[in-house]
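Fold and contact review
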Amino acid sequence: MATVLLEGRGDLTEWREAARPLLLAGTPPRGIDWRCRSDAAGDLFGADAGVADLSSPGRAIVTSGASLTVPKAFLSLAQAVICHSDPLRFQLLYRVLFRLQGERALLEVVSDADVAQLRAMEKSVRRDCHKMTAFVRFKEFDIGEGHARRRFLAWFEPDHHIVSRVAPFFQRRFTDMDWIIATPRGTAAWDGESLSVSTEPAENPMLTDSTDMLWRTYFSSIFNPARLKVKMMMTEMPKKYWKNLPEAGLIPGLIAGAEASVIAMAERAASEAPLFHQRLQAVAQAEPEIAQPPAGTLEELREEARHCTRCALHCRATQTVFGEGPQDAAVMIVGEQPGDQEDLAGRPFVGPAGAVFNKVAQDVGLDRKDTYVTNAVKHFKYEPRGKRRIHQKPNVGEVQHCKWWLTRELALVKPKLVVAMGSTALMALTDSRQRLADLRGEMLQIDAGQSLLVTVHPAYLLRIPDEGRRMEEMARFRSDIARAAEFGRKISPAGGRSSAMDDIRP
Ligand code: URA
């Protein structure tokens, strides 16, 4: 029986160098006794004469130059499993390595007991790593002389030998401060230039500082009693970590008071229903709409649309933003929905995307006062975030509801050319989910005597970060709008709509 003694602190190379010669010599798994210095039992055997101690290179088991191949998947699995604290990990890894020589697809056999055990160990190591990234709490310690950067210390108690595996994460995340993470399974330290990792066990420095209070304040303010699921919370934040988490002391009190807080919240909500909910309730209780005779003019239609409650978007929006432009316009531009500024002004395309469109239209000779400009959706959809209102794309249902208005605008204006700016407009005008990129720049026939030109939305141009690409896309947009302008000019050379429309070919 060959006996191998390893340091066993999560170093795959150490195990690999021991396993390779044994495997080359054809040593079966049951012929090796794997022992580990870092496990309690390992120490008992540290002085055994027959033990091959791999921590001192002179005593390593004979290696040979011959090479062995293993599936890549095994190596990545082994890298995680070697960090596990179970003393049987070396033996299990060797057994699987040995079997892989004859069973190349072994790792795919999920029902195999060895493979299942390896996977379970890998999962436990990954989970431990994840917990370390989530639960390390740094505390600032004495700056001392000669330290330009702030210095932080953290104490964490991992289940496995994961310090060197997780240290690069902290290096990336906290690169601008000096830190040390001490654990009973080793220490990692970063000084702005180098990351050092030692596997020597450290002792709990028992530090506390003002950031403990900050953690507690943060935790109690993000705690939502209405969302409390105690079981899930315990899985996410197992009790064994609590002793090193400054905020954990609050948990029992928060859980105990959750029910009362929810009742108090519900009572507050009932007495101070926000406008949004009041409007929603009004829609739910409203009398069913009685079909009205169709509006005869754009002005009548606009007036009707002012009171639109066809979908919930009106509840949050300031007002309906209806289309604008002459009823006999030859070209109709359709955007997505009003933005923040349009919602406040009550007019389409007056904000940043409108500025892009207006400039391009002016440059290429598309006169906005001769053009009908509208949107697929007439209310601003947004998500409040602090004092800002963040644009949200309307969903298919909202576009369908609002199509009621767009169809009537099309019927009254009867444009010869409709320009769909963006995918929402394209969907509203064609009822299809075709990709905008596939139809971009095409002149499509949508109705008798009515063409559709598809282009991007000007807001898209504002979001392209790369200057060069933005210029390219801007040029394409300009040429699309120039085509629309040219179309309009052919139809109504002097601004009014020409009577000789039959000459027009898209
Ligand atoms: N984006 C649109 O689609 N329409 C507007 O009116 C403004 C921004």
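Here we summarise the structure given alongside this text. Just so we're clear, the structure is a prediction, and the values are computed from it rather than from any experiment.

So, on to the environment of D178. Tracing the backbone shows D178 in strand β6 (residues 178–183). Sequence-wise, D178 and G192 are 14 residues apart; in three dimensions their C-alpha atoms are separated by 6.2 Å. Not counting residues up to four positions away in its chain, the partners in contact with D178 are R149, R150, R151, F152, W190, D191 and G192.

Glancing now at the sheet that holds β6. The strand order β4-β5-β6-β7-β8 describes an open sheet built from five strands, whose pairing is mixed. Two strands bound the open sheet, and with one partner strand each, they are β4 (139–140) and β8 (195–198). Two elements, strand β5 (residues 151–155) and β6, share five bridges in a ladder whose sense is parallel. Note on β6: the bridge partner recorded for F152 is W179.

With that settled, consider the packing of helix α1 (residues 12–24) against helix α3 (residues 72–81). The contact between α1 and α3 brings their axes to 9 Å, and the two run at 125°. It follows from the interaxial angle that α1 and α3 lie oblique. The interaxial crossing formed by α1 with α3 has right-handed handedness. Taken together, the residues of α3 that come into contact with α1 (itself represented by L12, W15 and R16) are F74, L75, A78 and Q79. Per-class residue counts for the contact of α1 with α3 are five nonpolar, one polar and one charged.

Right, let's get into α1. If you check α1, its first and last C-alpha atoms are 18 Å apart, about what 13 residues at 1.5 Å a residue would give, namely 18 Å. Looking at α1, one finds that the buried residues are L12, E14, W15, A18, A19, P21, L22 and L23. Measuring from the backbone nitrogen of T13 back to the side-chain oxygen at the start of α1 gives 3.0 Å, which picks out D11 as the cap. Directly beyond the C-terminal end of α1, a positive phi value near 75° is found at G26.

The environment of the ligand is made up of G335, E336, Q337, P338, G339, E342, P348, F349, N375 and H457. Between E336 and the ligand, the recorded distance is 2.7 Å, taken from a backbone N or O atom to an oxygen atom. Contact between the ligand and Q337: a nitrogen atom at 3.0 Å from a main-chain N or O atom of the residue. For the ligand, the accessible surface in isolation is 240 Å², of which the surrounding protein chains cover 93%.

Let us now look at the side chain of T374. Residue position: T374 is located in strand β10 (residues 372–375). Polar side-chain contacts of T374 include one of 3.2 Å to the side chain of K378. Within the local environment of T374, its side chain forms a polar contact with the side chain of E409, the two groups lying 2.9 Å apart. If we ignore the near neighbours within four places in the chain, the residues touching T374 are G323, M332, I333, V334, G335, F349, L406 and E409.

Reading across from one edge, β10-β9-β13-β15-β14 is the order of the five strands in this open sheet, with mixed pairing throughout. Bordering the open sheet on either side are β10 and β14 (443–447), each of which pairs with just one other strand. Sheet twist, expressed as the average angle between the axes of neighbouring strands with direction ignored, equals 25°. Judged from the four bridges that link them, strand β9 (residues 331–335) and strand β13 (residues 417–421) form a sheet pairing that is parallel. By the bridge assignment, I333 is partnered in β13 with V419. With respect to the sheet, helix α19 (residues 467–491) is in contact with β9, β13, β14 and β15 (450–455), its orientation differing from that of β15 by roughly 165°.

The next subject is the pairing of β5. Counted residue by residue, β5 has five buried out of five residues, so it is predominantly covered. Side chains R151, L153 and W155 project from β5 onto one buried face, and the interleaved F152 and A154 project onto a second face that is buried too. By the bridge criterion, two bridges tie β4 to β5 in an arrangement that is antiparallel. Residue pairing for β5: E140 is matched across the bridge by F152. What joins β5 to β6 is helix α6 (residues 163–173), and the crossover it makes is right-handed.

This next bit is on the packing of helix α5 (residues 113–135) against α6. How two helices sit against one another is set out by the angle between their axes and by the gap between those axes. Relative orientation of the contacting elements α5 and α6 amounts to 35°, with a least axis distance of 10 Å. Considering only the axes of α5 and α6, their crossing is right-handed. Residues V125, R126, C129, M132 and T133 of α5 lie in contact with α6, whose contacting residues are R165, V166, F169 and F170. Of the residues in the contact of α5 with α6, the class split is six nonpolar, one polar and two charged.

Membership of the largest hydrophobic core comes to 58 residues, with the highest contact counts inside it found for W15, W34, F74, Y94, F138 and W179. Not counting the four nearest positions on each side in its chain, Y94 is found in contact with W15, A19, L22, L23, T27, P28, P29, I32 and W34. Judged by nonpolar contacts, the second largest core, of 56 residues, contains A295, V419, A428 and L429.

With the rule as written, the count across this model stands at 33 salt bridges. Among the ionic pairs, R99 bridges to D114, the shortest N-O distance being 3.1 Å. One end of the pair, R99, is in helix α4 (residues 89–100); the other, D114, is in helix α5, with 15 residues separating them in the sequence. In this structure, the salt-bridge partner of K243 is E157, at a minimum N-O distance of 3.1 Å. On the criterion of sequence distance, the pair formed by K243 in the loop between α8 (230–236) and α9 (251–271) and E157 in the loop between β5 and α6 is long-range, its members being 86 residues apart. A residue is classified by how much of its surface remains accessible, and K243, at 60% relative accessible area, is exposed.

Both faces of the sheet carry side chains from a regular strand, because those side chains alternate between them. Across the five residues that make up strand β1 (residues 2–6), a large majority, four, are buried. The sheet contact formed by β1 and strand β2 (residues 32–36) spans five bridges and is parallel. Bridging from a neighbouring strand, L6 pairs with C36 of β2. One crossover worth recording links β1 to the parallel β2 by way of α1, and it is right-handed.

Rules behind the numbers
- Residues numbered from 1 in each chain as written.
- Predicted model: local features only at pLDDT ≥ 70, side-chain atom pairs only at ≥ 80, totals over all residues.
- Heavy atoms only, no water.
- Helix = DSSP H or I, 4+ residues; strand = E, 2+ residues; numbered from the N terminus.
- Contact = heavy atoms within 4.5 Å.
- Pairing = 2+ DSSP bridges.
- Axes fitted to C-alpha atoms, helices over the stretch in contact; angles between N-to-C directions.
- Parallel < 35°, antiparallel > 145°, perpendicular 65-115°, else oblique.
- Left-handed = near helix turned anticlockwise from the far one by under 90°.
- Nonpolar A, V, L, I, M, F, W, Y, C, P; charged D, E, K, R; others polar.
- Expected span 1.5 Å × (residues − 1).
- Buried < 20%, exposed > 50% of the residue type's maximum accessible area, 1.4 Å probe, protein only.
- Polar contact = N/O pair within 3.5 Å; in protein donor to acceptor, adjacent residues only side chain to side chain.
- Near = heavy atom within 4 Å.
- Areas by Shrake-Rupley, 256 points an atom, 1.4 Å probe, with all protein chains shown as cover.
- Right-handed = clockwise from strand over helix to strand, strands pointing away.
- Core = buried A, V, L, I, M, F, W, Y, C linked by side-chain atoms within 4.5 Å.
- Salt bridge = Lys/Arg side-chain N within 4 Å of Asp/Glu carboxyl O.

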